[in-house]
Every structure is written in structure tokens, then in C-alpha cells.
Amino acid sequence: MYKNLIFDFDGTIADSKQCSVVATQKTFRDKGITEPTVKDIEYYMGIPIERSFRLMSPTPLDDLQLEEIITTFRKNYKDIEASYLQLYKGMSKQLSMLAEDKRLFVVSSKKTDVLIRNLEILKIDHLFTEVIGSDKVDNYKPAPDGINYILNKYRLNNKETIYIGDAIFDMQMANSANVSSCAVTWGTHSEDELKSEDPTFIINNVTELNF
């Protein structure tokens, strides 16, 4: 049914929750800011840190403070990603099967170079036609820019394209881009939260990624 599968990364392809929590809390401590709770970090994992850090800070951040926090976070994240980042069970096999006759893409809130590095660490980078990070779009999730970039560049049919993610922001983006959506329940947001965004599909296991 679908020829083009566009994936979110964090919480969908890879379990990066612990990596994000450890790096974020360390960064806020390094900068003398009250660290956000695990619950808040997990909730905002679906949007770029340029937005989420402002939302998680107990006090307003000016542009310079935000830039310094982001720089520190990226260093902290890179230092630990190889130790914490892991694919969900069965994901490599499932993606390899899908890539045999479908085009696979990634649209993530991470920067493109970080996203590529993460995919390389997990040894699945070769399965994707292109990966789109936050630096390739003008407007971040839940705006549809990332999906529209792929649709336009590769002249894809909306009806043959589906976006797969674990957060309400992913479902909102898919709806805005007028493509089908698949919510996965093994990531950040609960099934009830995901249902509220009216996804086309909801799945509970990696093996159900068989569009």
C-alpha cells in the first residue's frame, strides 16, 4: 500500500531515552539551572532542543544562554551516545526487510549530522534514501516542512507515503502534510495521547511495521 516510509528517530527507531535524560540533566546542572524532570524530558523529546530547552527551563533563556546550553548538550550527548543508544528489538531486521522494496527516510528533530552519526553507530544508515534533520527545514515539528521537503524533492505521492513516530508532534506533522500516520506505542507518548491526534494506525510491536 505504501511505497514511501518516513520515520521519526528517537523513540521510534532507537531507544535514546536514557541518553537524552542523562545528557539533558547534566547540561542543566553544568549551567547552574534546575534540571528538568525525567517526565518533562521524555515528553519534549519529539521537538528540537531549540524549543524544548526553553520550555523546560524554570527561568526564561535569552538567545546567548540557549546557544551555550545547546553547545554543552551536544558535547554531553556525543560523549555518551555510544554507551546508551540502542535499536529497539527487531528493528534492524524489520527495516532491512522494508528497504527491499520501499523507500525509507528519516525526519527528526536532531541536526542532520548528529542523526547520520547515530544511524552509523547503529549500523543502519545505508537503509535510508535521505535523512532530514532540524537544520534542513525552516519550521520544526509539528510543522510539516520535513515531510514536505521529501515529498517535493523526490516527487512522491502523498497517498503512497506514511510517517511513523512515537509522539503527538509526529502525528500532528503527518496530518499537516496530508500523509498517513502510524503511531508506535513503545516510545515517548502513551497510547491515549497518540489516539488524541487521530493517527491512521497504532501499533504496539516492531514486527507490525509491515506496510
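Note: the structure precedes this text.
Calculation notes
- Residues numbered from 1 in each chain as written.
- Predicted model: local features only at pLDDT ≥ 70, side-chain atom pairs only at ≥ 80, totals over all residues.
- Heavy atoms only, no water.
- Helix = DSSP H or I, 4+ residues; strand = E, 2+ residues; numbered from the N terminus.
- Rg over C-alpha atoms; globule rule 2.2 N^0.38 Å.
- Buried < 20%, exposed > 50% of the residue type's maximum accessible area, 1.4 Å probe, protein only.
- Areas by Shrake-Rupley, 256 points an atom, 1.4 Å probe, with all protein chains shown as cover.
- Lys, Arg positive; Asp, Glu negative; His and termini not counted.
- Charge placed at Lys NZ, Arg CZ, Asp CG, Glu CD.
- Pairing = 2+ DSSP bridges.
- Axes fitted to C-alpha atoms, helices over the stretch in contact; angles between N-to-C directions.
- Parallel < 35°, antiparallel > 145°, perpendicular 65-115°, else oblique.
- Left-handed = near helix turned anticlockwise from the far one by under 90°.
- Contact = heavy atoms within 4.5 Å.
- Nonpolar A, V, L, I, M, F, W, Y, C, P; charged D, E, K, R; others polar.
- 1 Å grid on protein atoms, 1.4 Å probe; cavity = no way out; pocket = protein on both sides within 12 Å on 5 of 7 lines; lining within 4 Å.
- Points joined across faces, edges and corners; volume = space filled by probe spheres on them.

A.B. asks: Just checking my understanding: could you explain the overall build of the protein for this structure?
C.D. replies: Counting its regular elements, the protein contains nine helices and eight strands. The C-alpha atoms of the protein give 16 Å as radius of gyration, which agrees with the globular expectation for 211 residues (17 Å, within 12%). C-alpha atoms of the protein, sized along the principal axes, occupy 50 × 35 × 30 Å. Within the protein, buried positions represent 54% of all 211 residues. About 10,000 Å² of surface is accessible on the protein, with carbon and sulfur atoms providing 46% of the total. Between the averaged position of the 25 positive side-chain charges in the protein and that of its 32 negative side-chain charges there is a distance of 4 Å.

A.B. asks: In this structure, what is going on with the sheet that holds strand β4 (residues 103-107)? I would like to understand it.
C.D. replies: Two pairing modes exist for strands in a sheet, parallel and antiparallel, and in both the strands are linked by backbone hydrogen bonds. Here six strands make up an open sheet; going across it, the order is β5-β4-β1-β6-β7-β8 and the pairing parallel. Every interior strand has two partners, whereas the edge strands, β5 (130-132) and β8 (201-203), have only one. This sheet shows a mean twist of 20° between the axes of neighbouring strands, independent of strand direction. Looking at chain direction, strand β1 (residues 4-7) and strand β6 (residues 161-165) are connected through four bridges and run parallel. Residue N4 lies in a different strand from β6, and its bridge partner there is T161.

A.B. asks: When you look at the packing of helix α7 (residues 145-153) against helix α8 (residues 168-177) in this model, what are you seeing that I'm missing?
C.D. replies: In a pair of packed helices, the angle between the axes and the distance between the axes together describe the arrangement. Orientation of α7 relative to α8, taken along the N-to-C sense of each, is 45°, at an axis distance of 8 Å. As judged from the angle between their axes, α7 and α8 are oblique. Considering the relative orientation of α7 and α8, their crossing is right-handed. Packed against α7, whose contacting residues are I147, N148 and L151, the element α8 presents M173, A174 and A177 at the interface. Class assignment for the residues of the contact of α7 with α8 results in five nonpolar, one polar and no charged.

A.B. asks: For this particular structure, what's the right way to read empty space enclosed by the protein?
C.D. replies: Where empty space is left can be seen by rolling a probe of water-molecule size over the atoms. The tally for this structure, following the rule as stated, stands at two cavities of 30 Å³ or more. If you go around the largest cavity, you meet 27 residues; those closest to its centre are D10, S20, I49, F73 and K110. For the lining of the largest cavity, the secondary structure elements donating two or more residues are α1 (17-30), α3 (49-56), α4 (63-84) and α6 (112-121). Sort the elements by how many residues they give to the lining of the largest cavity and α3 lands first, with five residues. Split into classes, the residues belonging to the lining of the largest cavity amount to eleven nonpolar, six polar and ten charged. Of the voids in this model, the second largest cavity is the one considered here, and its volume is about 80 Å³. When the residues that make up the lining of the second largest cavity are grouped by side-chain class, the tally is seven nonpolar, six polar and two charged.

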